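# Chain and residue survey
In case you want the letters, here they are:
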Amino acid sequence: MIASQNRLTRRTLLGAALAAGVGSAAVGCARAGTTSSSDSDGGRTKITMWTHSAGNEGELAVYKQLIADFNASQEQYEVVQESFPQESYNDAITAAATAGDLPVLLDMDGPVMPNWAWAGYIQPLGLDAKITDSLLTTAVGTWKDEIYSAGYWDAALAIFARRSVLEKNGIRIPTLDEPWPIDEFTSALETLKGAGYDTPLDIGAEDTGEWWPYAYSPMLQSAGGDLLDRDTLLSADGLLNGPEAVAFFTWFQEAFAKGYCSNSGTIGNQEFADDKAALAYTGSWNAKAALDTVGEDLLILPPPDFGTGAKIGGGSWQWGISSAATGAQLEGARAYLEFSFQDKYLVAFSDSQIVIPATDSARQASTYFGADGALVPFAELSASAAVLRPATPAYATISTTFETAAKDIMSGADIQSTLDTAVADIDANISSNDGYGASS
């Protein structure tokens, strides 16, 4: 499914600026909307369904089969799918909300969900708890103690390496229980640079957008910092600009200054495939290509421990029901979603997209992530090290602000003042929106 790292960038948060700009005026527009309740020619209640998957043939093939199976399984409802290019999907949702014409079913990136719930785009999911309880915690979207979204999979990040390269250079192979401490990791990068790798680590910094907080804020969290106070959801002060954050970003800045990392490579995993980078910080979506290129020499390793354990990002695309859906449409939407969470569909998504199925039973049946699968380390990392991005309507502002600050620091900006400015911007957004109801 994902031919490059940038594909993940779009998967994990499309149109961040959209959500950042949603204010109280937009709430009224979204809540005033109604969804058409027209029936199909067969007299069934039509369930309109929008996805971000246009152009993704593998994913669309699974949806086509799933929808056909559901429509054939009963005579009350007809699910009708429309797919949008990923780049324009969020704009389409916003326009539909403003016009009062949201679809019944819509997918969304996990971090976007709280903003759409706050803005009135979506309603609590209302699925059987047996389904949501069986899913990975990172595949369930909760805001204010209500489940608003659920997904069929999650992705995971890791470091790719060649066993032969590490052994040749006397570098310890880390494990999930004993990842590289940051000093050991830095020493390994220095060793690899001395061994002839101009850029030992492809960290993906040439990418843009949501890749930055998805990939690098877990490193910040590993160091003891964070994007926001998760207890109050009202401020980033002391977490994004505290001593732990400064320590992480000092390492981050020095990694570029010393040539361990670069932002001038190609998006994806090509430098590692060509053995121009000894290590690659990347995701499960690139793993099959790496296996095909490197074979049994491939190692899938945890990221380094910056102080509080190795961390990776969690949370991917999930499904929700628009707030405009009522009556038979609401019942049909829930019936479809409950039907869709069968393991056979989760396995099909996993095998076609190289993502981790959201249930343990589907994972065991998948080609790559079951007990004997070549990509089991990703599932282990997801289960033990994944951290969700903060569940707040302010997340889009947090995402773009973090990216800007991290890129400035990468380029040599003063770390403390840059982080202080980022905190001020995030806190101002939250304050101007009355805390997004965090305390209510």
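Scroll up a little and you will see the structure.
### Quick notes on the overall build of the protein chain
In terms of regular secondary structure, the protein chain is built from 19 helices and 15 strands. In terms of overall dimensions, the protein chain is globule-like: its C-alpha atoms have a radius of gyration of 22 Å, near the 22 Å expected for 440 residues. Overall, the C-alpha framework of the protein chain stretches about 70 × 50 × 35 Å when taken along its three principal axes. Here the protein chain holds 440 residues, and 59% of them are scored as buried. Relative to all contacts within the protein chain whose residues are 6 or more apart in sequence, the contacts with residues 24 or more apart total 78%. With the model as given, the accessible surface of the protein chain reaches about 16,200 Å², and the carbon-plus-sulfur share is 48%. Charged side chains of the protein chain number 24 positive and 56 negative; the gap between the two group centres comes to 4 Å.

### A few points about the packing of helix α18 (residues 395–410) against helix α19 (residues 415–432)
Across the interface, α18 lies against α19 with an axial gap of 10 Å and an inter-helix angle of 170 degrees. Here α19 runs roughly antiparallel to α18, going by the angle between their axes. Contact residues: α18 offers Thr 397, Ile 398, Thr 401, Ala 405, Asp 408 and Ile 409, while α19 offers Ile 415, Thr 418, Leu 419, Ala 422, Asp 425, Ile 426 and Asn 429. Partitioning the contact of α18 with α19 into residue classes produces 7 nonpolar, 4 polar and 2 charged.

### A few points about the sheet that holds strand β10 (residues 279–283)
An order of β9-β10-β8-β11 is seen for the 4 strands of this open sheet, with the pairing classed as mixed. In this open sheet, the two strands that pair with only one neighbour each are β9 (201–202) and β11 (298–301). Inspection of the sheet shows β9 paired to β10 by 2 bridges, in the parallel sense. Its bridge partner lying in β10, Asp 202 is registered against Ala 280.

### Comments concerning the nonpolar core
Within the largest apolar cluster, 139 residues are counted, with the highest numbers of intra-cluster contacts made by Tyr 152, Tyr 216 and Tyr 336. Among all residues touching Tyr 216, those that are not within four sequence positions of it are Ile 203, Gly 204, Ala 205, Trp 211, Phe 248, Phe 252, Tyr 281 and Phe 402.

### A word on the packing of aromatic side chains
According to the stated counting rule, one finds 34 aromatic pairs in the structure shown. A ring pair is formed by Tyr 89 and Trp 317, whose centres lie 6.0 Å apart and whose planes are at 70 degrees; its orientation type is edge-to-face. Residue Tyr 89 is found in helix α5 (residues 86–99), and its partner Trp 317 is found in strand β13 (residues 317–322); the two are separated by 228 residues along the sequence. Each member of the pair, Tyr 89 as well as Trp 317, is classed as buried. Seen from their ring centres, Trp 153 and Phe 349 are 5.3 Å apart, and the 55 degrees between their planes marks the pair as tilted. Taken together, the positions of Trp 153 in strand β7 (residues 153–154) and Phe 349 in helix α15 (residues 343–353) put the pair 196 residues apart, joining distant regions of the chain. According to the relative accessible area criterion, Trp 153 is buried, its value standing at 2%. Residue placement shows Arg 162 over the ring face of Phe 272; its charged tip is 4.6 Å from the ring centre.

### A look at the pattern of salt bridges
By the definition in use, this model includes 8 salt bridges. The salt bridge involving Arg 162 is made with Asp 275; its shortest N-O contact spans 3.5 Å. Taken together, the residues span a long stretch of sequence, with Arg 162 in strand β8 (residues 157–162) and Asp 275 in the loop between α12 (270–273) and β10 at a distance of 113 residues. Two residues, Glu 184 and Arg 172, come together in a salt bridge whose shortest N-O distance is 2.9 Å. One end of the pair, Glu 184, is in helix α9 (residues 182–194); the other, Arg 172, is in the loop between α8 (163–168) and α9, with 12 residues separating them in the sequence. According to the relative accessible area criterion, Glu 184 is partly exposed, its value standing at 28%.

What counts and what doesn't
- Residues numbered from 1 in each chain as written.
- Predicted model: local features only at pLDDT ≥ 70, side-chain atom pairs only at ≥ 80, totals over all residues.
- Heavy atoms only, no water.
- Helix = DSSP H or I, 4+ residues; strand = E, 2+ residues; numbered from the N terminus.
- Rg over C-alpha atoms; globule rule 2.2 N^0.38 Å.
- Buried < 20%, exposed > 50% of the residue type's maximum accessible area, 1.4 Å probe, protein only.
- Contact = heavy atoms within 4.5 Å.
- Areas by Shrake-Rupley, 256 points an atom, 1.4 Å probe, with all protein chains shown as cover.
- Lys, Arg positive; Asp, Glu negative; His and termini not counted.
- Charge placed at Lys NZ, Arg CZ, Asp CG, Glu CD.
- Axes fitted to C-alpha atoms, helices over the stretch in contact; angles between N-to-C directions.
- Parallel < 35°, antiparallel > 145°, perpendicular 65-115°, else oblique.
- Nonpolar A, V, L, I, M, F, W, Y, C, P; charged D, E, K, R; others polar.
- Pairing = 2+ DSSP bridges.
- Core = buried A, V, L, I, M, F, W, Y, C linked by side-chain atoms within 4.5 Å.
- Phe/Tyr/Trp six-rings, centres within 6.5 Å; stacked < 30°, edge-to-face > 60°.
- Lys NZ or Arg CZ within 6 Å of the ring centre and 35° of its normal.
- Salt bridge = Lys/Arg side-chain N within 4 Å of Asp/Glu carboxyl O.

Note that all results are geometric; they support no functional claim without further evidence.
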